Amino acid sequence: WNVKSVMGTIVRVLAAGILAGVMMESGAANRIAKTIVSKFGESLAIFSLAFATMIICAVGVFIPVAVLIVAPIAIEVGNRLGISKLALLVALSGGGKAGNIMSPNPNTIAAASGFGVQPSQVMIGSVV
């Protein structure tokens, strides 16, 4: 077993985890979510909440953590607009899964190495 062959993967996973931690501790993830919701407006509230969760997950934050970050904003918007909590949960979960597909997680890295391409190519392909 060659340690050199997995070193790049280990560094990428650690970097994604550190980035996620910094985003949560600094409040950047919460700010991203609030900005997206305010820019899209009330008519696209469900989409904006899903999109905010997708963006947060796309940078390496795990789905449950991203949902917990966006949930207070979603509940506030849902109460104001009369959107059910179930609809909000489905939107956040769907957005998280969409972001997870294009994030730098171990699955993306494994798929990239399996196909012999760079992880960035898999991430960009997942956006489509």
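Each remark here, short or long, concerns the structure printed above.
Given the structure is predicted, the values throughout are model-derived calculations rather than measurements.

**Description of helix α5 (residues 85-101)**
Compared with an ideal rise of 1.5 Å per residue, which puts 17 residues at 24 Å, α5 spans 24 Å between its outermost C-alpha atoms and is within 8% of the ideal. Listed as buried for α5 are Leu88, Ala91, Leu92, Gly95, Gly96, Gly99 and Asn100. Taken end-on, α5 shows its buried residues confined to a sector of 165°, consistent with a single buried face. Away from the buried face of α5 by more than 90 degrees, exposed residues Leu86 and Val90 are located. Close packing links the buried residues of α5 with α3 (45-58), α4 (63-81) and α6 (106-115).

**Regarding a nonpolar patch on the surface**
A contiguous nonpolar surface patch, about 310 Å² in accessible area, is contributed by Leu14, Ile18 and Val22. Tracing the sequence through the fold places leucine 14 in helix α1 (residues 3-26). Judged by relative accessible area, which is 54%, leucine 14 ranks as exposed.

**Comments concerning the packing of aromatic side chains**
Applying the stated rule across the entire model yields three aromatic pairs. With 5.1 Å between their ring centres and 85° between their planes, phenylalanine 40 and phenylalanine 47 make a pair best called edge-to-face. Of the residues examined, phenylalanine 47 reaches a relative accessible area of 43% and is grouped as partly exposed. Centroid distance phenylalanine 40 to phenylalanine 51: 5.7 Å. Interplanar angle 80°. Geometry classified as edge-to-face. Of the two residues, phenylalanine 40 sits in helix α2 (residues 28-40) while phenylalanine 51 sits in helix α3, which places them 11 residues apart along the sequence. You can call phenylalanine 40 partly exposed: its relative accessible area is 30%. Residue classification places phenylalanine 51 among the partly exposed residues on the basis of a relative accessible area of 27%.

**Overview of the environment of cysteine 57**
Of note, cysteine 57 is situated in helix α3. C-alpha of cysteine 57 to C-alpha of glycine 96: the two residues are 39 residues apart in sequence and 5.7 Å apart in space. Not counting residues up to four positions away in its chain, the partners in contact with cysteine 57 are Phe62, Ile63, Ala66, Gly96, Gly99, Asn100 and Ser103.

**Here we look at the nonpolar core**
Among the nonpolar cores identified, the biggest contains 18 residues, and Ala33, Leu49, Ile56, Val70, Ile73 and Leu92 are the most heavily contacted of them. Of all the elements in the fold, those that place two or more residues in this core are α2, α3, α4 and α5. Alanine 33 has contacts with Ala52, Ile56, Val70 and Ile73, leaving out every residue within four places of it along the chain.

Parameters at a glance
Residues numbered from 1 in each chain as written. Predicted model: local features only at pLDDT ≥ 70, side-chain atom pairs only at ≥ 80, totals over all residues. Heavy atoms only, no water. Helix = DSSP H or I, 4+ residues; strand = E, 2+ residues; numbered from the N terminus. Expected span 1.5 Å × (residues − 1). Buried < 20%, exposed > 50% of the residue type's maximum accessible area, 1.4 Å probe, protein only. Arc of directions from axis to C-beta. Contact = heavy atoms within 4.5 Å. Patch = residues over 30% accessible without salt bridge, like charges linked within 9 Å, V, L, I, M, F, W, Y side chains within 5 Å. Areas by Shrake-Rupley, 256 points an atom, 1.4 Å probe, with all protein chains shown as cover. Salt bridge = Lys/Arg side-chain N within 4 Å of Asp/Glu carboxyl O. Phe/Tyr/Trp six-rings, centres within 6.5 Å; stacked < 30°, edge-to-face > 60°. Core = buried A, V, L, I, M, F, W, Y, C linked by side-chain atoms within 4.5 Å.

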